[in-house]
Amino acid sequence: MGIKHTIERGFLGLSLAVIAACGGSGTAGEGDTTGGGGDSGALFEVEVRRSEFGIPHIKADNYASMGYGYGYVHAEDNLCVLAEDLLTIRGERARYLGRDGEYRIIPNGSVASNVDSDFFWRAVATDEAIAPIKANSDAEVVDATRGFVAGYNRYLRELKAGQHPGRHQACRDQAWLTEINTDDLYRRYFRLSILASSSVFVSEIANAAPPSSDNVPLPVSAAAIAALDAEDMPLVGEQPFASNMYALGSQATDGESLLLVNPHFPWQGTERLYMAHMQLPDAEIMGASLYGVPAALIGFNQHFAWSHTVSSAYRFTFYELTLNPANPTQYFYEGELRDLQAVDVTVPVLESDGSLGSETRTLYRSHFGPMLELAVSGVPVLEWSAAKAYTLRDANAENNRMINQFFRWNRAQSFEEFVELHASVLGVPWVNTVATGPGKPAYYGDLTVVPNVPDSKVQSCGAQPLQAALGALLPGLPILDGSRAACEWDNDADAPAPGVFGRANLPSLQRDDWVHNCNDSYWLTNPAEPLTGFAGIIGNENAARSLRTRLCILQVQRRLDGSDGLPATGFDMASLQSVALDSAVYSAELGKQAVLDSYCQMPSALGSAGPVDIAKACQVLDNWQAKNNLQSVGGHLWREFWRRAKDVSGLWLTPFSAADPVNTPRDLNVLNPQVEQAFADAVRAVQDSPFAEDSAIIDLQYSGIHQQQIPIFGGESFAGSFTIASAGPLSEDGYPVTYGNSYVQTVSWDESGAPVAEGFITYSQSTDPASPYYQDMTEAYSAKNWIRFPWKDADIAAKTRETLLLSE
């Protein structure tokens, strides 16, 4: 079969047609490029117009062809990054990348050796695990998946044949760069589902083993566990896995509804977001997706727009098993012994001398799920002993609805249908959702896949004393008694699957003014109408909100009452964009004046290593406007102070009050000597760095992923920044940003009902330095030059820079 590949470059006035032969299709692992039930002779025919900044507008008559175009351009932009992740999920890192190396899942904090990673994925992402997803996938999913694989493989074959010179130098000649198949993509969907659950415990599952003479268990102490720092626990603290979002109805705007999209995801790896516009006979949608998913996971069209933030709910529970004293691979259930399922897993390993060996482990599963052992800061928490062992049940490992959820949303024909699909499919794995539409209210829902474990079950089934010890560190996460059937997850009549909550037991809200989420629980979605009465596993209520959440709320309240200094009241597109990128620091609003009025009245402050001269730092902070814009001077001083002060006991004089949750706690306790020490040590750290106390953000904060230093505004979530740019502590390199604002977008609708959207993929569309779309959007973001995303055909045509006509 011949392939016609036409490229039109509008900005050069040049048209080039290339006729290439279509070679055979190789595969990697099991599965095939036709997908479950697909027709291997199906025709792919698609037009892809790239507008400014590399945004592909993919026009096709069917989902297979849409997927084909999507897979081709995604490979063109991000081949190496996606290929390495698919290699990982197949459990082949050690085979190709060697024993010495590690795999890091940046959003959830998991770090594992290549070998441990391979054992985990070979044990967890099995054919049996992805079979329910394949079997349950809608026809549109099957076709788009099949098309994506074929388009991806088409580009890869061209690259291997010597086309696209200079592109993808990081991987084009690597042995592990092979063609993929549909199972690879279904594994990718599965991996995304368990991002906030099983894959947090890669090493813990890969190394779990029963006690033996060679594996003597360590003693477990509830007191030692209770003494751990909660910040060291999995999924606790500032994870690079967050977001802000607003949905604004007519009572909060100048008339038309508005939406702010603002996820904070890593700037590296496959949890980057990729933007595309898909035009099909039955649906049109534009938005962004995580790598390898040919659908909009956050998007908009003429009917609605939506966004997500990571939810506070847990997606799994631990179970404590009571073991047969004579056999640690048997456990009691309802008074009878059950055998753990033993699974022998073999991993090929490339050794340092170039030889290919292998390693085999026996891993175990209970009827709940995989066995695991967990230690934190060297303290055993979940230890497999002769008496007890621990296993994990993961609701999202059982979720075969996730990919259908987003494809059905992409095809929805109204705001009302979108909202109903949220509850009826109930396949969203781990994110809150807000949505609105032209003339529509603001909607919020944490209608996600959550284990059906009401608080009463935690009370009756909590495995003590571990439940009490862990409960203080991980509030809301149950560790249940695995010996009783009564401790299995409950079932709701309105849930689409057993073991998860149905819509009636999950929080949602519609209002005509506004809703928000900035990663705290559902409780204060809108402070005028708190959401209460839900299970602790979903989130907390009547508890302190983060500084970022408080600023999220205050920004709306101040805009509506006009106290924010901007013209008029209520939001329009311009004021929403101003708020989104304002780079304000709420901790400074709360505490800067107290520092100036106390410590800065003296020439020095007492640090951990003695007195520190603070005179110049105080002068700088006195002039600092409590923002981290590029020209802001002194923001690094406050950031380093708050990094050291945020966890000080007794930080505030006025404690949290559930009666005033947006404004408490407050009043910085400057008489606390630990606060003074934090300030002095921060000033000393800046003085010891290459950066002066009066440095501006533009002098020290920049993209940490590009070869050119592109300055980046914003600050850290822990300091109460809304506009996020995260780089870790101040170093000799300054603040090289590798996490933060990732997809920023404002959406409304014009008089004709067409969407009007502007924004950025902050790190740009492509991870390939040779691509023209490697840093162009980052440069626009740095300058706060909002990009209008073309929706109407005339606007797309006017901004088209390249056209691909692909068929096979």
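Residues numbered from 1 in each chain as written. Predicted model: local features only at pLDDT ≥ 70, side-chain atom pairs only at ≥ 80, totals over all residues. Heavy atoms only, no water.

Colleague: Describe in detail the pattern of salt bridges, supporting the description with residues and values.
Modeller: According to the stated counting rule, one finds 49 salt bridges in the structure shown. Salt-bridge contacts for Glu52 lead to Arg801; the nearest nitrogen and oxygen are separated by 3.3 Å. A residue pair is termed long-range when its members are at least 10 positions apart, and Glu52 in the loop between β3 (45-51) and β4 (56-60) and Arg801 in strand β37 (residues 800-807) qualify at 749 residues. On the accessibility criterion, Arg801 (24% relative accessible area) is partly exposed. Linked by salt bridges that have partners in common, Arg99, Asp116, Glu351, Glu359 and Arg361 make up one network. (Salt bridge = Lys/Arg side-chain N within 4 Å of Asp/Glu carboxyl O. Helix = DSSP H or I, 4+ residues; strand = E, 2+ residues; numbered from the N terminus. Buried < 20%, exposed > 50% of the residue type's maximum accessible area, 1.4 Å probe, protein only.)

Colleague: So what's going on with helix α17 (residues 635-645)? Which residues, and what values?
Modeller: Of all eleven residues in α17, ten are buried, a share of seventy percent or more. Of all the residues in α17, the buried ones are Gly635, His636, Leu637, Trp638, Arg639, Glu640, Phe641, Trp642, Arg643 and Ala645.

Colleague: Tell me what's going on with the state of the cysteines, and back it up with residues and numbers.
Modeller: Counted by the stated rule, this structure contains four disulfides. Each sulfur of the disulfide joining Cys461 and Cys487 lies 2.2 Å from the other. Because the sign of the S-S torsion sets the handedness, a value of about -85 degrees for the bond joining Cys461 and Cys487 places this disulfide among the left-handed ones. On the criterion of sequence distance, the pair formed by Cys461 in helix α11 (residues 455-461) and Cys487 in the loop between β23 (479-481) and β24 (508-511) is long-range, its members being 26 residues apart. Among the residues examined, Cys461 registers a relative accessible area of 2% and is labelled buried. Given a relative accessible area of 0%, Cys487 falls into the buried group. With a sulfur-sulfur separation of 1.9 Å, Cys518 is cross-linked through a disulfide to Cys552. (Disulfide = S-S within 2.5 Å.)

Colleague: So what's going on with unusual backbone geometry? Which residues, and what values?
Modeller: Most peptide bonds adopt trans geometry, and most residues besides glycine take a negative phi value. That bond from Gln464 to Pro465 is cis: its omega, 5 degrees, falls within 30 degrees of zero. Relative to the helices and strands, Pro465 resides in the loop between α11 and α12 (466-473). With an omega dihedral of 0 degrees, the bond running from Thr664 to Pro665 counts as a cis peptide bond. Note that Pro665 resides in the loop between β28 (652-654) and β29 (666-668). Of note, the phi angle at Phe53 is positive, near 70 degrees, even though the residue is not glycine. Inspection of the secondary structure puts Phe53 in the loop between β3 and β4. Backbone geometry at His164 places phi at a positive 55 degrees, although glycine is not the residue there. Along the polypeptide, His164 turns up in the loop between α5 (139-160) and α6 (182-193).

Colleague: How would you explain the nonpolar core if you had to name every residue and give the values?
Modeller: With 264 residues, the main nonpolar core has Tyr152, Ile538, Phe641, Trp642 and Phe679 as its most contacted residues. Apart from the residues lying within four places of it in its own chain, the contact partners of Phe679 are Val595, Tyr599, Cys600, Ile614, Cys618, Leu621 and Phe641. (Core = buried A, V, L, I, M, F, W, Y, C linked by side-chain atoms within 4.5 Å. Contact = heavy atoms within 4.5 Å.)

Colleague: An account of the packing of helix α15 (residues 586-597) against α17 is requested, with residue identities and associated values reported.
Modeller: It is the contact of α15 with α17, at a shortest axis distance of 12 Å, that shows an interaxial angle of 95 degrees. In terms of axis orientation, α15 runs roughly perpendicular to α17. Along the contact surface, α15 presents Ser587, Ala588, Gly591, Lys592 and Val595, while α17 presents Trp638, Phe641 and Trp642. Split into classes, the residues belonging to the contact of α15 with α17 amount to five nonpolar, two polar and one charged. (Axes fitted to C-alpha atoms, helices over the stretch in contact; angles between N-to-C directions. Parallel < 35°, antiparallel > 145°, perpendicular 65-115°, else oblique. Nonpolar A, V, L, I, M, F, W, Y, C, P; charged D, E, K, R; others polar.)

Colleague: Before we move on, can you summarise the confidence of the model for the protein with the specific residues and values?
Modeller: For residues with low pLDDT, the predicted coordinates do not support detailed interpretation. Here the protein averages 94 in pLDDT, while 94% of its residues score no lower than 70. Note on residues 1-5: pLDDT is under 50 here. Beyond four places in sequence and across chains, it has 26 contacts. Confidence over residues 7-40 falls short of pLDDT 50; this stretch has 73 contacts with residues more than four positions distant or in other chains. (pLDDT = per-residue confidence, 0-100.)

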